[in-house]
Amino acid sequence: MDSETDMVRQIRALDSDMQTLVYENYNKFISATDTIRKMKNDFRKMEDEMDRLATNMAVITDFSARISATLQDHHERITKLAGVHALLRKLQFLFELPSRLTKCVELGAYGQAVRYQGRARAVLQQYQHLPSFRAIQDDCQVITARLAQQLRQRFREGGSGAPEQAECVELLLALGEPAEELCEEFLVHARGRLEEELSALEKELGPSPPAPDVLEFTDRGGSGFVGGLCQVAAAYQELFEAQGPRGGEKLAAFAQELGGCYFELVERRLAQEQGGGDNSLLVRALDRFHRRLRAPGPLLAAAGLTESATEIVERVARERLGYHLQGLQTAFLGCLTDVRQALAAPRLAGKEGPSLAELLASVASSIQSHIKASLAAVHLFTAKEVSFSNKPYFRGEFCSQGVREGLIVGFIRSMCQTAQSFCDSAGEKGGATPPALLLLLSRLCLDYETATISYILTLTDEQFLVQDQSPVTPVSTLCAEARETARRLLTHYVKVQGLVISQMLRKSVETRDWLSTLEPRNVRAVMKRVVEDTTAIDVQVGLLYEEGVRKAQSSDSSKRTFSVYSSSRQQGRYAPSYTPSAPMDTNLLSNIQKLFSERIDVFSPVEFNKVSVLTGIIKISLKTLLECVRLRTFGRFGLQQVQVDCHFLQLYLWRFVADEELVHLLLDEVVASAALRCPDPVPMEPSVVEVICERG
Amino acid sequence: MEDDAPVIYGLEFQIHIIDFDDENNIINKNVLLHQAGEIWHISASPSDKGVLATCYNKTPDSRVLACAAVWRMPEELESVGHESPDDSASTTQTLELLCQLGSAAPGNVACVTWEPMGDGKKVISLADNHILLWDLQESSNQAVLAGSASLEGKGQLRFTSGRWSPHHNCTQVATANDTTLRGWDTRSMSQIYCIENAHGQLVRDLDFNPNKQYYLASCGDDCKVKFWDTRNVTEPVRTLEEHSHWVWSVRYNHSHDQLVLTGSSDSRVILSNMVSISSEPFGHLVDDDDVSDQEEHHAEEKSKEPLQDNVIATYEEHEDSVYAVDWSSADPWLFASLSYDGRLVINRVPRALKYHILL
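Values in this document were obtained by computation on a predicted structure and should not be read as measured data. Residue positions within a chain follow its written sequence, with the count starting from 1. All chains are assigned letters beginning at A, and all ligands numbers beginning at 1, according to the order in which they are written. Per-residue local features are limited, in this predicted model, to residues with pLDDT of at least 70; the limit for side-chain atom pairs, both in listing and counting, is 80 or more; totals at the level of whole chains, interfaces and linings are taken over all residues. Side-chain figures throughout are based on the complete set of non-hydrogen atoms in the structure, without hydrogens or water.

**A word on the overall build of chain A**
And step 1. Think of it this way: any DSSP run of H or I at least four residues long counts as a helix, any run of E at least two long counts as a strand, and we number them from the N terminus. What chain A contains, in helices and strands, is 19 helices and 0 strands.
And step 2. Per-residue burial over chain A gives 44% buried out of 696 residues.
And step 3. Here chain A has roughly 36600 Å² of accessible surface; of this, 56% comes from carbon and sulfur atoms. Each residue is assigned to one of three classes by its accessible area relative to the maximum for its type, calculated with a 1.4 Å probe on protein chains only: buried under 20%, partly exposed between the two thresholds, exposed over 50%. Only the protein chains shown count as cover for residues, with accessible areas throughout obtained via the Shrake-Rupley method and a probe of 1.4 Å.

**Here's the deal with the overall build of chain B**
And step 1. A tally of helices and strands in chain B yields 3 helices and 27 strands.
And step 2. By the burial criterion, 51% of the 359 residues in chain B qualify as buried.
And step 3. Long-range pairs, those at least 24 residues apart, make up 47% of the contacts in chain B between residues at least 6 apart in sequence.
And step 4. Carbon and sulfur atoms form 46% of the exposed surface of chain B, whose accessible area is close to 16000 Å². Here, two residues are considered to be in contact whenever any of their heavy atoms come within 4.5 Å of each other.

**A look at the sheet that holds strand S24 (residues 310-315) of chain B**
To summarise the sheet geometry, strands pair through backbone hydrogen bonds and adopt either a parallel or an antiparallel arrangement.
All names here are of chain B.
And step 1. For two strands to be treated as a pair, DSSP must find no fewer than two bridges joining them. With antiparallel pairing, the 4 strands of this open sheet are ordered in space as S21-S22-S23-S24. The open sheet terminates on both sides in strands that have one partner only, identified here as strand S21 (247-252) and S24. Shown here is a sheet whose adjacent strand axes are inclined to one another by a mean of 20 degrees, direction ignored.
And step 2. Taken together, the 5 bridges between strand S23 (residues 269-273) and S24 define a ladder with antiparallel strand orientation. When the sheet's bridge partners are listed, Asn-273 is paired in S24 with Asn-310. In this analysis, axes come from line fits to C-alpha atoms, helices being fitted only over the stretch in contact, and the angle between any two N-to-C directions falls in the range 0 to 180 degrees.

**Examining the confidence of the model for chain A**
Residues and elements named next belong to chain A.
And step 1. pLDDT expresses, on a scale from 0 to 100, how confident the predictor is about each individual residue. In this model, chain A carries a mean pLDDT of 76, and residues with pLDDT of at least 70 account for 81%.
And step 2. Considering each helix and strand of chain A separately, the mean pLDDT is smallest for helix H15 (residues 586-596), with a value of 57, and largest for helix H1 (residues 2-107), with 88.
And step 3. Note on residues 426-430: pLDDT under 50 across the span, and 16 contacts to partners over four residues away in sequence or across chains.
And step 4. Every residue in residues 554-585 is under pLDDT 50, and counting partners more than four places away or in other chains gives 52 contacts.

**Here's the deal with helix H6 (residues 214-239) of chain A**
And step 1. Multiply 1.5 Å by the residue count of a helix minus one, and that product is the helix's expected span. For H6(A), spanning 26 residues, the distance from its first C-alpha to its last is 36 Å, which sits close to the expected 38 Å at 1.5 Å a residue.
And step 2. The angle between axes fitted to the seven residues ending at a residue and the seven residues starting there is what we call the bend at that residue. The largest bend along H6(A) measures about 30 degrees and falls at Gly222(A).

**Details of the pattern of salt bridges**
Any two side chains of opposite charge can pair, given that their charged atoms come close.
And step 1. Counted as salt bridges are all cases of a side-chain nitrogen of Lys or Arg within 4 Å of a carboxyl oxygen of Asp or Glu. One pass over the structure, following the stated rule, counts 25 salt bridges over all chains.
And step 2. Here Arg487(A) makes a salt bridge to Glu484(A), at a shortest N to O gap of 3.1 Å. Taken together, the positions of Arg487(A) and Glu484(A), both in helix H13 (residues 475-510) and 3 residues apart, correspond to about one turn of that helix.
And step 3. Judged by its relative accessible area of 25%, Arg487(A) is partly exposed.
And step 4. For Glu484(A), a relative accessible area of 34% puts it in the partly exposed group.
And step 5. The salt bridge partner of Arg231(B) is Asp229(B), with a shortest N-O separation of 2.8 Å.
And step 6. Via salt bridges that share partners, Arg506(A), Glu510(A), Arg204(B) and Asp221(B) belong to a single interconnected network.

**Overview of the interface of chain B and chain A**
And step 1. Taken together, the 37 residues of chain B in the interface contact 27 residues of chain A.
And step 2. Buried area: the accessible surface (1.4 Å probe) lost by two parts on joining, summed over both. Together, the buried faces of chain B and chain A total about 2700 Å²; carbon and sulfur atoms form 48% of this surface.
And step 3. Across the chain B-chain A interface, the total number found is 3 salt bridges.
And step 4. Of the charged contacts in the structure, one is a salt bridge between Glu241(B) and Lys495(A), with a shortest N-O distance of 3.7 Å.
And step 5. Polar contacts, as counted here, are pairs of nitrogen or oxygen atoms within 3.5 Å of one another; within protein the pair requires one atom able to donate a hydrogen and one able to accept it, and residues that are adjacent in sequence qualify only if both atoms are side-chain atoms. Joining chain B to chain A, the criterion identifies 7 residue pairs in polar contact (both at pLDDT 80 or more).
And step 6. Classifying every residue of the side of chain B that touches chain A gives 10 nonpolar, 14 polar and 13 charged. Side-chain classes are defined by residue name, with Ala, Val, Leu, Ile, Met, Phe, Trp, Tyr, Cys and Pro counting as nonpolar, Asp, Glu, Lys and Arg as charged, and the others, Gly among them, as polar.

**A look at unusual backbone geometry**
Residue and element names in this part refer to chain B.
And step 1. Despite not being glycine, His-168 shows a phi value in the positive range, around 55 degrees.
And step 2. Within the secondary structure, His-168 sits in the loop between strand S13 (159-164) and strand S14 (172-177).
And step 3. Located in the positive-phi region is Cys-223, a residue other than glycine, with phi close to 70 degrees.
And step 4. The residue Cys-223 is located in the loop between strand S18 (215-220) and strand S19 (225-229) in this model.
And step 5. For Cys-223, a relative accessible area of 3% puts it in the buried group.

**Re the environment of Leu202(B)**
And step 1. For Leu202(B), the position within the fold is in the loop between strand S16 (190-195) and strand S17 (203-208).
And step 2. Separated by 17 residues in sequence, Leu202(B) and Cys219(B) have C-alpha atoms that sit 8.7 Å apart.

**Focus on the pairing of strand S11 (residues 130-137) of chain B**
And step 1. Where strand S10 (residues 122-127) of chain B and S11(B) come together, 6 bridges link them in antiparallel fashion. Within S11(B), the position partnered with Leu126(B) by the bridge is Ile131(B).

**Quick notes on the nonpolar core**
And step 1. Side-chain atoms within 4.5 Å are what join buried Ala, Val, Leu, Ile, Met, Phe, Trp, Tyr and Cys residues into a set we call a nonpolar core. Counting residues in hydrophobic clusters, the biggest one holds 176 residues, and the most contacted among them are Tyr262(A), Ile367(A) and Phe398(A).
And step 2. Here Tyr262(A) is in contact with Leu198(A), Leu201(A), Thr218(A), Gly221(A), Gly222(A), Phe225(A), Val226(A), Phe289(A) and Leu293(A), once residues within four sequence places are set aside.
And step 3. Residues Val51(B), Cys55(B), Leu98(B) and Trp114(B) belong to the second largest nonpolar core, which totals 17 residues.

**Side note on helix H19 (residues 686-695) of chain A**
Note: α-helices contain 3.6 residues per turn, so residues at a spacing of three or four share the same orientation.
Residue and element names in this part refer to chain A.
And step 1. If you check which residues of H19 are buried, you get Pro-686, Val-689, Ile-692 and Cys-693. The buried residues of H19 occupy an angular sector of 125 degrees when projected down its axis, which confines them to one face. The exposed residues of H19 that point more than 90 degrees off its buried face are Glu-694 and Arg-695. To obtain the arc, one takes the directions from the helix axis to the C-beta atoms.

**What to know about the UniProt feature "repeat: WD" (unreviewed entry) in chain B**
And step 1. UniProt positions are given in the numbering used here, feature names are shortened, and annotations may be inferred rather than shown by experiment. Residues annotated by UniProt as "repeat: WD" (unreviewed entry) correspond here to residues 196-232 of chain B.
And step 2. Helix and strand shares over residues 196-232 of chain B are 0% and 46% respectively, and the end C-alpha atoms of the span are 12 Å apart.

**Focus on the packing of aromatic side chains**
Two descriptors summarise a pair of aromatic rings, namely the distance from one centre to the other and the angle between the planes of the rings.
Residues and elements named next belong to chain A.
And step 1. Here is the rule: rings of Phe, Tyr and Trp (six-membered ring for Trp) pair when centre to centre is within 6.5 Å. Planes less than 30 degrees apart are stacked, more than 60 are edge-to-face, and the remainder are tilted. What the rule picks out here adds up to 12 aromatic pairs over all chains.
And step 2. Ring centres of Tyr-545 and Phe-608 lie 6.3 Å apart, and the angle between their planes is 20 degrees; on these two criteria the pair is classed as stacked. Highlighted residues: Tyr-545 in the loop between helix H14 (525-544) and H15 and Phe-608 in the loop between H15 and helix H16 (610-630), separated in sequence by 63 residues. In this structure, Tyr-545 and Phe-608 share a single accessibility class: buried.

**Structural notes on a negative patch on the surface**
And step 1. Together, Glu47(A), Asp48(A), Glu49(A) and Asp51(A) give the surface a local cluster of negative charge.
And step 2. By secondary structure assignment, the location of Glu47(A) is in helix H1. Grouping into patches uses exposed residues only, defined as over 30% relative accessible area, and leaves out salt-bridged ones; the cut-off is 9 Å for like charges and 5 Å for nonpolar side chains (Val, Leu, Ile, Met, Phe, Trp, Tyr). In this tally, Lys and Arg are treated as positive and Asp and Glu as negative; His is ignored, and so are the chain termini. For this purpose, a charge sits on NZ of Lys, CZ of Arg, CG of Asp or CD of Glu.

**Let's talk about the sheet that holds S16(B)**
Residues and elements named next belong to chain B.
And step 1. Spatial strand order, S13-S14-S15-S16: 4 strands in an open sheet with antiparallel pairing. Sheet topology places S13 and S16 at the edges, where each strand pairs with a single neighbour. Sheet twist, expressed as the mean angle between neighbouring strand axes with direction ignored, is 25 degrees.
And step 2. Note that S14 and strand S15 (residues 180-185) share 6 bridges and pair antiparallel. Bridging from a neighbouring strand, Thr-175 pairs with Arg-182 of S15.

**Describing the pairing of strand S9 (residues 109-114) of chain B**
Residues and elements named next belong to chain B.
And step 1. In terms of burial, S9 is a largely internal element, 5 of the 6 residues being buried.
And step 2. In this structure, S9 lies alongside S10, joined through 5 bridges in antiparallel fashion. Within S10, the residue paired with Thr-113 across the bridge is Ile-124.

**Thoughts on the confidence of the model for chain B**
And step 1. Looking at chain B as a whole, the pLDDT averages 77, with 81% of positions reaching at least 70.
And step 2. For residues 285-305 of chain B, every residue scores under 50 in pLDDT, and the model assigns this stretch 13 contacts once sequence neighbours within four places are set aside.

**A look at a nonpolar patch on the surface**
Residue and element names in this part refer to chain A.
And step 1. A surface patch of nonpolar side chains, amounting to about 410 Å² of accessible area, comprises Met-50, Leu-53, Met-57 and Ile-60.
And step 2. Along the polypeptide, Leu-53 turns up in helix H1.
And step 3. By relative accessible area, Leu-53 is classed as partly exposed at 47%.

**Description of the environment of Ala324(B)**
All names here are of chain B.
And step 1. One can find Ala-324 in strand S25 (residues 322-327).
And step 2. For Ala-324, a relative accessible area of 33% gives the class partly exposed.
And step 3. In this structure the C-alpha to C-alpha distance between Ala-324 and His-41, which are 283 residues apart in sequence, comes to 9.8 Å.
And step 4. Among all residues touching Ala-324, those that are not within four sequence positions of it are Ser-249, Ala-336, Ser-337 and Leu-338.

Structure representation (structure tokens):
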């Protein structure tokens, strides 16, 4: 039931809903119907109006056609009139041209004037048969002439700089002026300007040195002169391109001439620089100079400026090498002076100065450092960043002939020569060169021969990769030269030292009165002095040279008994004897001995060792003693004194020489000669001689 | 053909006249006693072959005195010499003293030199630092001092050697002291030139080129022989450095002045050919016609080697120092040298060179 009621209630509700819906939509239906009716009405009205419009349009078209037909005539006339107008304008321009030109000229608007003139020229040319145009043309020509004149005037006055001048020239060219003449004038003016630059540069050079440094100078020259030249060249080429090769030649000649002046100035400046020391600055200046001149290179190829510049750089480089060589030589001489002073000083101070070995080391190192410094300085010329370093000269000849041959080899040679000159000059009177210096130089040369030369040359070859194939001095030749120098120096040293000792001995023999001398009690002081000096020389030489080889000596060298004089010998002849027992003619014996003993070459070349040097000195000294003894006459005690002296020498000198036999031989000879020169030859007992010597 | 040689022999001082017979190669010796003392220097008169001057040492009361004297050799010398060739004892004769030089003047005489071209009347002696010109009068029996000059200076100056130039009318004398050479004019007895430091050490001897008036040679303790043009005293014309010890004597050949002889205490005698500074720098022209094979050979040699100075020969016969060398005055190709051990060596110029020079 409930559900039925519910259903009924629901049905009722649905019915009422349906009723309201119907009511609501009914209204809408009515309004829609109304609208449709109204639309029908409106469309009908519109159709009418459209029809009217169409008729109206037809009327309008008709009218327009009629109008255009009427206007056709007018249009044509107007076109013609416009043409006439234009022509008239042109004519007016022509007629006004003279006055305009005049005005332009007065105002200075030359460019405008030239453009007007250019525009009018052709027309005037064409119609010149007409009198009126003729008049205009004449006028124009007059004005143009004036214009040209003014332009020229301006051009001549110059001063306003290259671009403006170039403009003037351009205008003048446009005016149809003769190009050749212009180009001459152009160059004349350019020359004037450039010469001003040059004279400014020259003023900087000045007679007095306070010029700016060389870098600044080349900079200024580069920007001022070379820059100007570049501008001129560029403008010239642009303006007178039509001139063809002849114009180019002119420009080249021009550039060549001015460039020549410029180079002269630069060279003068660089010459001032030669004395100075700073290589890097110079190289930089040269680099700038060279680089700057490479810029106009393509433009002025024909003028050969680049080549000349390179030549200058090469020349400077060469002079630099010469300068360095000189510097090295001076340094070497300076070292020698130092050594001389060092050698002279200790004697005054009484204290031991630096030893010879130290001096040698310092000289060697100082020379070596000088060489290295020079090499480094010269090396700047071949640095990669320097613009001229890739020139063939700097890659080849500079390295091999210049640096290696000229500088290094040249220096070593001159060093040898300087050293040798000590041998030649000091030969007279001996004293000029301290002997220690000779010894030191000799060792220095020998060191060079053994090591330093090859080291320096290797260093050079490494630093300057020599690509040149030209022949260079081989190391062996130089070494041979150095060795020869060392040998000569050492030989000379031996001579000088030998001479010193000989002089001592000679004086001692010559000044003494040997006839009335007293019985010897002592060894004479001079003999001790000789031994002392010899020992000193031995020490000195030992500092620099190796010991060397001696002949094997008998164990009792120092104990050798002095040759015994036996009164039983015939004819009062005294002779030394190595076999005292043989009772034969000692004169004959000594002669036979001489036959078998080798001839003693007194001033013979020495070898590079201490023993050889000392042997040489002792040989010279003893031979002198021998000759001097032979010139004197001895009393009995004089002979005995000689005997004592010789024994003393023999006791101390044998240890210095290579072959002690030599000392014995010479000393025996001395005593024998003294005995011969003695009217009363009574020699001393050997034992007494020995006692005296050992006491002394 | 005649060589005079002093030899010290015990206490008897003798002069040996050595006769060398070229054709037979025979040597004859005559011994003359020189009783005054040991002889240090000897020079024969250019005009009279029997007269000679010596410098000698006397040793009175243990002092050495060097004196000079002029002597005459005995007349009969030649004949005696030929008859007894090798017996010195029997032929001993004595020199006759003509006069003493400088008994009045002090000083040790180092050297005596005769006027080369004159009549043998003028002699110069060098004593210490004096140069004394003597005039020999009355057949050389008296010597009168005609002029003198002396060397003043620091230290003790002593002349070591001197020569009389054969040029300029015999008015020039050259002397050596220490390392210096000096030229003197004998008319005024004044110095005309001076070569300071002619040698590094003592100058031992000098000689004039017989054919070129300004040239002279000197030698000394620096082992060198130097040739000088006296018009230029700063530089020697040429220097020879062949010896290895003091050079004691230098002599030009009397007729071929390119030949120079030197003796040294390295016991060598060296004969040098100094063509370039001789009076015949280009040699003689060779005659082309009829040359024999041998001569052709020499001519070839000559053309091959240009004329240049060289050492012709080194003579090593001596065992000890050579103190004197001289050329024969009779044969220009002959010379003698004397050494300490008393050995006298007579040599000839090599035959090849002789022909080279002559042809």
